[in-house]
Amino acid sequence: AQVSTQSTGVKGKCTTDHISAAGPWLKFRGHLNNISNNFLITATNSENGEMNSIKNVVSGEFGPVPGTARDYKAAGIGWVVVGDENYGEGSSREHAALEPRHLGGKAIIVRSFARIHETNLKKQGMLPLTFADPADYEKVQPGDKVSILGLKEFAPGVPLTCKLTHPDGSSDEFSLNHSFNENQIGWFKAGSALNKMAEK
């Protein structure tokens, strides 16, 4: 089993405020579809150094992050975010984990996570993963197709494998670590912690 997706790279610091902006957006806290329009709008794209501007692999044009994610979801294309150190630091804002799931995201692959955000992502059925070798972050290129291998045998303490297929057809493979325990793997397989609870 594997997850195959498109990548979106975040450059530098990425707090929960970058992931889910606060301020006027907080009036939409009770409406997930509306508040998801703030997803990563203040994070910097590693490809062009701009905020809220990523390349849509379907249209070939640059556009806002939430709109591109919605286009991918409508087309049945999963996507991942690739980030740097301490991704999700700051407040424990749950919308920062709710929004990527709502918009069709599959995984967040980073050099390291803020612990609370990592747990919140797990609760939403997302895959928070870290580069086994932090230098592998540099192998990810704009427009890469990302395949996460080993999910059929997903188990605590057993790394997964990331295969990158670059736009020129070349590829790279490397290990991804995770901190899932058996219970949390159940959340992932059910689609979220709430889904798992509903099965009982």
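The structure this text deals with has already been given above.
Description of the structure in this document.

Cut-offs used in this document
- Residues numbered from 1 in each chain as written.
- Predicted model: local features only at pLDDT ≥ 70, side-chain atom pairs only at ≥ 80, totals over all residues.
- Heavy atoms only, no water.
- Helix = DSSP H or I, 4+ residues; strand = E, 2+ residues; numbered from the N terminus.
- Buried < 20%, exposed > 50% of the residue type's maximum accessible area, 1.4 Å probe, protein only.
- Contact = heavy atoms within 4.5 Å.
- Areas by Shrake-Rupley, 256 points an atom, 1.4 Å probe, with all protein chains shown as cover.
- Core = buried A, V, L, I, M, F, W, Y, C linked by side-chain atoms within 4.5 Å.
- Axes fitted to C-alpha atoms, helices over the stretch in contact; angles between N-to-C directions.
- Parallel < 35°, antiparallel > 145°, perpendicular 65-115°, else oblique.
- Left-handed = near helix turned anticlockwise from the far one by under 90°.
- Nonpolar A, V, L, I, M, F, W, Y, C, P; charged D, E, K, R; others polar.
- Salt bridge = Lys/Arg side-chain N within 4 Å of Asp/Glu carboxyl O.
- Phe/Tyr/Trp six-rings, centres within 6.5 Å; stacked < 30°, edge-to-face > 60°.
- Lys NZ or Arg CZ within 6 Å of the ring centre and 35° of its normal.

## Let's talk about the overall build of the protein chain
Scanning the protein chain from terminus to terminus reveals seven helices and ten strands. When each of the 200 residues of the protein chain is scored for burial, the buried share is 46%. Contacts in the protein chain between residues far apart in sequence, at least 24 positions, make up 62% of those at least 6 positions apart. Entry remark: accessible area of the protein chain is about 9,300 Å², with carbon and sulfur atoms responsible for 49%.

## Notes on the nonpolar core
Ile 109, Leu 127, Phe 131, Ile 148 and Phe 154 are the most contacted members of the largest nonpolar core, which has 21 residues in total. In this structure, Phe 131 is in contact with Val 82, Gly 83, Ile 109, Val 110, Arg 111, Asp 136, Tyr 137, Val 140, Phe 174, Ser 175 and Leu 176, ignoring residues within four places of it in sequence.

## Quick word on the packing of helix α4 (residues 95-102) against helix α5 (residues 115-123)
α5 packs onto α4 with a crossing angle of 40° between their chain directions and a minimal axis gap of 8 Å. The orientation of α4 with respect to α5, classified from their angle, is oblique. The two elements α4 and α5 cross, and the hand of that crossing is right-handed. Contacts between α4 and α5 involve Ala 96, Ala 97 and Pro 100 on the former and, on the latter, His 117, Asn 120 and Leu 121. Of the residues in the contact of α4 with α5, the class split is four nonpolar, two polar and no charged.

## Points about the pattern of salt bridges
According to the stated counting rule, one finds four salt bridges in the structure shown. Notably, a salt bridge pairs Arg 111 with Asp 84, separated by 3.1 Å at the nearest N-O pair. Of this pair, Arg 111 sits in the loop between β6 (105-110) and α5 while Asp 84 sits in the loop between β5 (78-83) and α4, and the two are 27 residues apart along the sequence. You can call Asp 84 buried: its relative accessible area is 17%. Between Arg 111 and Glu 138 there is a salt bridge, with the nearest N and O atoms lying 3.1 Å from each other. Separated by 27 residues along the polypeptide, Arg 111 in the loop between β6 and α5 and Glu 138 in the loop between β7 (127-131) and β8 (145-149) bring together distant segments of the chain.

## As for the packing of aromatic side chains
What the rule picks out here adds up to six aromatic pairs. Ring centres 6.1 Å apart and planes at 85° place the aromatic pair Phe 131 and Tyr 137 in the edge-to-face group. Residue classification places Phe 131 among the buried residues on the basis of a relative accessible area of 4%. For the ring pair Phe 154 and Phe 180, a centre distance of 5.1 Å and an interplane angle of 65° mean the geometry is edge-to-face. A residue pair is termed long-range when its members are at least 10 positions apart, and Phe 154 in the loop between β8 and β9 (160-165) and Phe 180 in the loop between β10 (171-177) and α6 (182-190) qualify at 26 residues. Just as Phe 154 is buried, Phe 180 falls in that class too. Within the aromatic cluster, the residues linked to one another by ring pairs are Phe 131, Tyr 137 and Phe 174. A cation sits over an aromatic face here: Lys 122 above Phe 180, 5.1 Å from the ring centre.

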